[in-house]
Amino acid sequence: DLMNEVMGLSKLQNRVKEKLGIKKVIIIPGNYEKNESLLKDVAKQGAEYFLSILKDTNIVSITGGSTMLEFANSLRGDKKYNQTTIVPARGGVGKDVETQANNIVAIVGKKLGAHYKLLHIPDELGVEAMKTLSLEPEIKKTLNYIVDTDILVFGIGRADEMATRRKLPKKQVEEILSKGAVGEAFGYYFNKDGEIVYELNTVGINLETFKSVKNNIAIFAGASKAEAVTAISKVNDNMVIVTDEESAYKILEIN
Ligand code: F6P
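This write-up is about the structure you can find in this document. Remember, it's a predicted structure, so these values are computed and weren't measured experimentally.

With respect to spatial proximity, 16 residues lie near the ligand, and among them Gly 64, Ser 66, Thr 67, Glu 184 and Lys 225 are the closest. Contact between the ligand and Ser 66: an oxygen atom at 2.5 Å from a side-chain N or O atom of the residue. Between the ligand and the protein, one listed contact pairs an oxygen atom with a side-chain N or O atom of Glu 184 at 2.6 Å. Relative to its unbound accessible area of 400 Å², the ligand is 94% covered by the protein chains. Those elements that provide at least two residues to the shell around the ligand are helix 3 (66-74), helix 7 (159-165) and strand 7 (181-185).

Have a look at this one:
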């Protein structure tokens, strides 16, 4: 019955939380891989948790991807946060404008009545061009906000999938995977010990900032991402994850 189900979920949440050694785990019943509409429920629950900790005056960094787009779309906008600033955690990825962090930041910013800044920088640029761009006053301002992030909300990807989605040259994909990358978040590829083995040449959140953020909320659906999230959870134990039930069981199976 319902009571048992609720008890079961809260036990599962605690087991995952203890296994990963992180702050909090929120689980949506069901299996995303059998029912893709669960992504919406996971994202919505992520949005609720985010609003429950958001304080006006906070700086919020957000990444791109389809999960974060659902997050933005499901966010309630009934309370206004006019002292809050929303920024993308990284420059844009690929050609899909809708799922780029800039677009997601604009949706969230408007809904919350918050200030928001965009990062008009492609993800892959030459090193020199990148250096020059990061000195531009507007870009510098945004980057300074990112360093002061109070809440980071981000999606997680499998390393192999993200390397392919980003249409990296085959040689580069092979290099990333041969270095043991299992997970990707905000442009960094992590091995199973949570070490960065590869990073995109782009501007945005750096490892130091990620390590020190007090509230970082990873939202993802799909047991295929269990290894990725396990790796990334080793970087900062202030992490909160919001996911589906099947992914939670999968995390418990990982050695
Ligand atoms: O490309 C941005 C990004 O947040 C990646 O860092 C992450 O791996 C991916 O999107 C997650 O995408 P999705 O939510 O579509 O699975």
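Moving on from the coordinates now.
When two helices pack together, their arrangement is given by the angle between their axes and by how far apart the axes lie. Between helix 3 and helix 4 (residues 101-112), the least distance of the axes is 9 Å, while the angle of their chain directions is 15 degrees. The orientation of helix 3 relative to helix 4 falls into the category roughly parallel. Regarding helix 3 and helix 4, the two cross each other, and that crossing is left-handed. Counted together, Met 68, Leu 69, Phe 71, Ala 72, Asn 73 and Ser 74 of helix 3 and Asn 103, Ile 104, Ile 107, Val 108 and Lys 111 of helix 4 form the full contact between these two elements. Residue composition of the contact of helix 3 with helix 4, by class: 7 nonpolar, 3 polar and 1 charged.

What helix 3 keeps buried is the set Thr 67, Met 68, Leu 69, Phe 71, Ala 72 and Ser 74. Residues of helix 3 that are buried sit in contact with helix 2 (38-53), strand 2 (59-62), helix 4, strand 5 (151-154) and strand 10 (215-219).

Thresholds applied
- Residues numbered from 1 in each chain as written.
- Predicted model: local features only at pLDDT ≥ 70, side-chain atom pairs only at ≥ 80, totals over all residues.
- Heavy atoms only, no water.
- Near = heavy atom within 4 Å.
- Polar contact = N/O pair within 3.5 Å; in protein donor to acceptor, adjacent residues only side chain to side chain.
- Areas by Shrake-Rupley, 256 points an atom, 1.4 Å probe, with all protein chains shown as cover.
- Helix = DSSP H or I, 4+ residues; strand = E, 2+ residues; numbered from the N terminus.
- Axes fitted to C-alpha atoms, helices over the stretch in contact; angles between N-to-C directions.
- Parallel < 35°, antiparallel > 145°, perpendicular 65-115°, else oblique.
- Left-handed = near helix turned anticlockwise from the far one by under 90°.
- Contact = heavy atoms within 4.5 Å.
- Nonpolar A, V, L, I, M, F, W, Y, C, P; charged D, E, K, R; others polar.
- Buried < 20%, exposed > 50% of the residue type's maximum accessible area, 1.4 Å probe, protein only.

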